[in-house]
Amino acid sequence: MTGRLILLGGGFSTDDDGLLDDWTLAHARVRRPRVCFLPTASGDAEAYAERFRACFGPRTDCEPSVLPLFRRELDDSALRDHLLAQDVVYVGGGNTANLLAVWRAHGVDRLLREAYAGGTLLCGISAGANCWAEGSHTDSFGPLTHLPDGLGLLPGSVCPHYDSEPGRRPSYRQAVARGRLPAGWALDDGAAALFTDGVLTETVSRVPGARLYRVSPDGSGGVRERPEPSRLLTPG
């Protein structure tokens, strides 16, 4: 079974046009996918969950649900059944380190690996993009830093908000140059990328100029930064 995941630089939590979410759902394995939102990285913030419900609830092209873990409602068997029944797992932003710790405490990391191997499309924004890689660039501990910890479904590292948060670009470049993070992918807000079995297969953007970059050591103490070709999404 092919494993697929999507890094999102936007979506329902930040954008009003729905372009990145429409594009994501179009890659689900069925025409009317079951979509489960995991707001773990925000501490299961109710406002975040309600925004997901408000955006996805009225849609006729999917079946949405929200999975809380801080006030967990499902036993181990029901938790596994629910996650493995999903066609899309959509992970929200927040604190990457806390997200990974909570998932591991509840065994969700293992279930997501199983879902991925079974063909479930995994996706997310910010912390929800970071979590899939071997390592990531994060503000989980306050200042921007490297987190050499992740699920490892995507080889290398991930840096979100590459163009929008002060310090992101130089800090991530430095982490890769010094070997604190492996070579990886830096994502502008407004861009999104699909990976199939760990290989980049499609890159899109909802605004002109938003890009995905491949960032790797140059062998001389610096980095190479290569922008990937991107298709601009349009309404309809």
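To keep things clear, this report deals only with the structure shown in the data block.

Parameters at a glance
- Residues numbered from 1 in each chain as written.
- Predicted model: local features only at pLDDT ≥ 70, side-chain atom pairs only at ≥ 80, totals over all residues.
- Heavy atoms only, no water.
- Salt bridge = Lys/Arg side-chain N within 4 Å of Asp/Glu carboxyl O.
- Buried < 20%, exposed > 50% of the residue type's maximum accessible area, 1.4 Å probe, protein only.
- Helix = DSSP H or I, 4+ residues; strand = E, 2+ residues; numbered from the N terminus.
- Pairing = 2+ DSSP bridges.
- Phe/Tyr/Trp six-rings, centres within 6.5 Å; stacked < 30°, edge-to-face > 60°.
- Lys NZ or Arg CZ within 6 Å of the ring centre and 35° of its normal.

Observations regarding the pattern of salt bridges
Following the criterion strictly, the structure yields 17 salt bridges and no others. The closest approach of N and O atoms between Asp 76 and Arg 72, which form a salt bridge, is 2.6 Å. When its relative accessible area of 58% is taken as the criterion, Asp 76 is described as exposed. Between Arg 226 and Glu 228 there is a salt bridge whose closest N-O contact spans 2.6 Å. Look at the salt bridges and you will find they share partners, linking Asp 15, Asp 17 and Arg 206 into a network.

Considering the pairing of strand S6 (residues 133-138)
Burial of S6 is extensive: five of the six residues sit out of reach of the surface. Note: S6 against strand S8 (residues 154-159), three bridges, orientation parallel. Pairing of Gly 135 across the sheet is with Ser 157, part of S8. What sits between S6 and strand S7 (residues 145-147) in their antiparallel hairpin is a turn of six residues, with Gly 142 showing a positive phi close to 105 degrees.

Concerning the packing of aromatic side chains
Two aromatic rings are characterised by how far apart their centres lie and by the angle between their planes. As enumerated under the stated definition, the model contains 15 aromatic pairs in all. Here the aromatic rings of Phe 12 and Phe 52 are separated by 5.5 Å at their centres, their planes lie at 70 degrees, and the arrangement is edge-to-face. One end of the pair, Phe 12, is in the loop between strand S1 (4-8) and helix H1 (19-25); the other, Phe 52, is in helix H2 (residues 46-56), and 40 residues separate them in sequence. Measuring from ring centre to ring centre gives 5.5 Å for Tyr 162 and Tyr 213, while their planes differ by 50 degrees; the resulting arrangement is tilted. Placement of the pair is Tyr 162 in the loop between S8 and helix H7 (168-177) and Tyr 213 in strand S12 (residues 212-217), with a sequence separation of 51 residues. Owing to a relative accessible area of 2%, Tyr 162 belongs among the buried residues under this scheme. Linked through ring pairs, Phe 12, Phe 37, Tyr 48, Phe 52, Phe 56 and Tyr 90 together constitute an aromatic cluster. The positively charged end of Arg 59 is found above the aromatic ring belonging to Phe 56, 5.6 Å away from the centroid. Taking the ring centre of Trp 185 as reference, the NZ or CZ of Arg 214 above it sits at 4.7 Å.

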